[in-house]
Amino acid sequence: MTAERERFFEPGAVRVKICGVTSAADAAMAVSAGADAIGINLFPGSKRFVGLDDAVRLAADIPVTRIAVVVNATASELTEIAAAGCFEAVQFHGDETPEFCGSHADRWLRAVRVAGADSLAAALAFATPWLLLDAFSPSGYGGTGLAVDPKLAAEFVQTNADRRIVL
């Protein structure tokens, strides 16, 4: 594993993750703009969906951390993703339980669909240091263009210094 692919997980400065990359050109542009991680969406319900075979080809040329984004993936799908060997982490973005996430990936992020303080409190049940805060939308699991309430996010970051927060 290269240092560039591990940098996202090292403690320290702010990191940038660009999600929903669907082409090598977009990945190269994101990396040249300073992205520390690239998310490839493996959820068939997303407009930014990339099938696993295509994701493997796309990930091969990405020099930074590569994250498989899944929504309610099955255990067998996660086994396939792990066997592909091209992702440094999995981002769970659906309705997965804390137990499911922890038992199906070695390194993972939990996306939290922030609808209010209660959803943030519930996120603390997930045994991962990486929490991605995403705005709740009744119409989708992410990438909706909505923003998280910045005051609520700032309060959460301040009171949970042991967590690595991704916006």
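Residues numbered from 1 in each chain as written. Predicted model: local features only at pLDDT ≥ 70, side-chain atom pairs only at ≥ 80, totals over all residues. Heavy atoms only, no water.

Draft legend 1. Representation of the side chain of Asn160. Considering the arrangement of structural elements, one finds Asn160 in the loop between α7 (150-159) and β7 (164-166). Given a relative accessible area of 9%, Asn160 falls into the buried group. Side-chain polar atoms of Asn160 contact the backbone oxygen of Phe156, separated by 2.9 Å. (Helix = DSSP H or I, 4+ residues; strand = E, 2+ residues; numbered from the N terminus. Buried < 20%, exposed > 50% of the residue type's maximum accessible area, 1.4 Å probe, protein only. Polar contact = N/O pair within 3.5 Å; in protein donor to acceptor, adjacent residues only side chain to side chain.)

Draft legend 2. Expanded view of the layout of surface pockets. Roughly 630 Å³ of internal volume is contained in the largest pocket. As for the largest pocket, its lining consists of 29 residues, of which Arg48, Asp134, Gly142, Gly143 and Thr144 are closest to the centre. Those elements giving two or more residues to the lining of the largest pocket turn out to be β1 (17-19) and β6 (130-135). Of the residues forming the lining of the largest pocket, the biggest block, 4 residues, is contributed by β6. Here the lining of the largest pocket is composed, by residue class, of 13 nonpolar, 12 polar and 4 charged. (1 Å grid on protein atoms, 1.4 Å probe; cavity = no way out; pocket = protein on both sides within 12 Å on 5 of 7 lines; lining within 4 Å. Points joined across faces, edges and corners; volume = space filled by probe spheres on them. Nonpolar A, V, L, I, M, F, W, Y, C, P; charged D, E, K, R; others polar.)

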